[in-house]
Amino acid sequence: MVQLDHIGIATPDLDTGSAPYLALGLSPEGPDEIVEAQGVNVRVFRVGDAMVELLAPTGPESAIAKYLEKNRPGLHHTAYRVDDIDAEIERLKATGATFLSEKAGAGLHHTRVIFLHPKWGAGTLIELCEHPKGQH
Ligand SMILES: CC[C@H](C(=O)O)C(=O)SCCNC(=O)CCNC(=O)[C@H](O)C(C)(C)COP(=O)(O)OP(=O)(O)OC[C@H]1O[C@@H](n2cnc3c(N)ncnc32)[C@H](O)[C@@H]1OP(=O)(O)O
Ligand SMILES: [Co+2]
């Protein structure tokens, strides 16, 4: 079953990006985490069973840095939790879905993640993520 896992928000720096969520009464869940594979420094606010995932670039090569060169900060992607990401990739590939990588890679909190092309997502960058068994 697919569930909304998080919404990814691009921000030049985590403190600026955090302001509205703190004002809404949310608080960061755990310490900030750098995910080298994606070149991002991440701060998470849990909202019910989903999360707000703030993403700040760790350097010019980061996908978020490149995004911010062309777009204003704000909503960057939506992510959906799947039970078996490899099976979901094969299922979607059979329907003609276009992925941005061949296989799932390292995401936040020891997840495995993959991204679908924004054109397939009707304009939205969509991420699939699989949490380690028993964690979400
Ligand atoms: C810590 C990991 C964390 C997790 O949840 O575990 C993350 O979520 S990490 C998030 C950051 N990583 C990524 O976004 C990886 C996937 N992204 C990419 O591979 C690129 O950003 C890509 C391919 C989406 C865009 O690459 P690039 O910037 O080099 O290409 P363009 O700027 O030329 O864009 C091509 C085309 O796509 C549209 N686009 C780009 N970014 C987005 C977006 N975030 N949402 C919607 N559409 C997007 C862009 O407008 C271009 O469209 P076109 O019609 O061709 O002008
Ligand atoms: Co994400």
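About the cut-offs
Residues numbered from 1 in each chain as written. Chains lettered and ligands numbered in written order. Predicted model: local features only at pLDDT ≥ 70, side-chain atom pairs only at ≥ 80, totals over all residues. Heavy atoms only, no water. UniProt positions renumbered as here; feature names shortened; annotations may be inferred. Helix = DSSP H or I, 4+ residues; strand = E, 2+ residues; numbered from the N terminus. Buried < 20%, exposed > 50% of the residue type's maximum accessible area, 1.4 Å probe, protein only. Areas by Shrake-Rupley, 256 points an atom, 1.4 Å probe, with all protein chains shown as cover. Lys, Arg positive; Asp, Glu negative; His and termini not counted. Charge placed at Lys NZ, Arg CZ, Asp CG, Glu CD. Pairing = 2+ DSSP bridges. Contact = heavy atoms within 4.5 Å. Axes fitted to C-alpha atoms, helices over the stretch in contact; angles between N-to-C directions. Near = heavy atom within 4 Å. Polar contact = N/O pair within 3.5 Å; in protein donor to acceptor, adjacent residues only side chain to side chain. Nonpolar A, V, L, I, M, F, W, Y, C, P; charged D, E, K, R; others polar. Salt bridge = Lys/Arg side-chain N within 4 Å of Asp/Glu carboxyl O.

Within an unreviewed UniProt entry, the label attached to the chain reads Ethylmalonyl-CoA/methylmalonyl-CoA epimerase, and the organism entered is Deinococcus xinjiangensis. In its Sequence similarities (unreviewed entry) section, the UniProt record describing the chain reads: "Belongs to the methylmalonyl-CoA epimerase family."

**Some details on the overall build of the chain**
Counting secondary structure elements, the chain contains three helices and eight strands. For the chain, the α and β elements follow one another from N to C terminus as β-α-β-β-β-α-β-α-β-β-β. Projected onto its principal axes, the C-alpha coordinates of the chain cover approximately 40 × 35 × 25 Å. A burial count over the chain gives 41% of its 136 residues as buried. Counting only carbon and sulfur atoms, one obtains 57% of the accessible surface of the chain, whose full area is about 7500 Å². Here the chain contributes 12 positively and 19 negatively charged side chains, and the mean placements of these two sets differ by 5 Å.

**Some words on the UniProt feature "domain: VOC" (unreviewed entry) in the chain**
As recorded in UniProt, the feature "domain: VOC" (unreviewed entry) lies at residues 3-131. End C-alpha atoms of residues 3-131 are separated by 12 Å, and the span's content is 22% helix alongside 36% strand.

**What to know about the sheet that holds strand 6 (residues 105-106)**
The mixed open sheet is built from eight strands, whose spatial order is 2-3-4-1-5-8-7-6. This sheet does not close on itself; its edge strands, each paired only once, are strand 2 (33-35) and strand 6. For strand 2 and strand 3 (residues 40-47), the ladder comprises three bridges, and the chain directions are antiparallel. Residue pairing for strand 3: isoleucine 34 is matched across the bridge by asparagine 41. Helix-sheet contacts for helix 1 (residues 14-23) involve strand 1 (3-10), strand 3 and strand 4 (50-57), and the interaxial angle to strand 3 is about 5°.

**Here we look at the site of ligand 1**
Neighbouring ligand 1 are 21 residues; Gln38, Glu53, Lys70, His76 and Glu127 lie closest to it. Residue glutamine 38 places a side-chain N or O atom 2.9 Å away from a nitrogen atom belonging to ligand 1. Glutamate 127 places a side-chain nitrogen or oxygen 2.8 Å from an oxygen atom of ligand 1. Counting only elements with at least two residues in the shell around ligand 1, the list comes to strand 3, helix 2 (63-70), strand 5 (74-81) and strand 7 (112-116). It is helix 2 that provides the largest number of residues to the shell around ligand 1, a total of three residues. Along the lines of polarity and charge, the residues of the shell around ligand 1 split into eleven nonpolar, six polar and four charged.

**Observations regarding the environment of glycine 107**
Looking at the element boundaries, glycine 107 is found in the loop between strand 6 and strand 7. Between the alpha carbons of glycine 107 and isoleucine 85 there is a distance of 12 Å; along the sequence they are 22 residues apart.

**So, the pattern of salt bridges**
Pairs can form between side chains of opposite charge once their charged atoms are near each other. Using the criterion set out here, one finds ten salt bridges in the structure. In this structure, arginine 43 and aspartate 15 form a salt bridge, with 3.0 Å as the shortest nitrogen-oxygen distance. Of the two residues, arginine 43 sits in strand 3 while aspartate 15 sits in helix 1, which places them 28 residues apart along the sequence. Exposure remark for aspartate 15: the relative accessible area of 56% places this residue in the exposed category. Two residues, lysine 93 and glutamate 102, come together in a salt bridge whose shortest N-O distance is 3.6 Å. Salt bridges linked by common partners bring Asp5, Asp49 and Arg81 together as one network.

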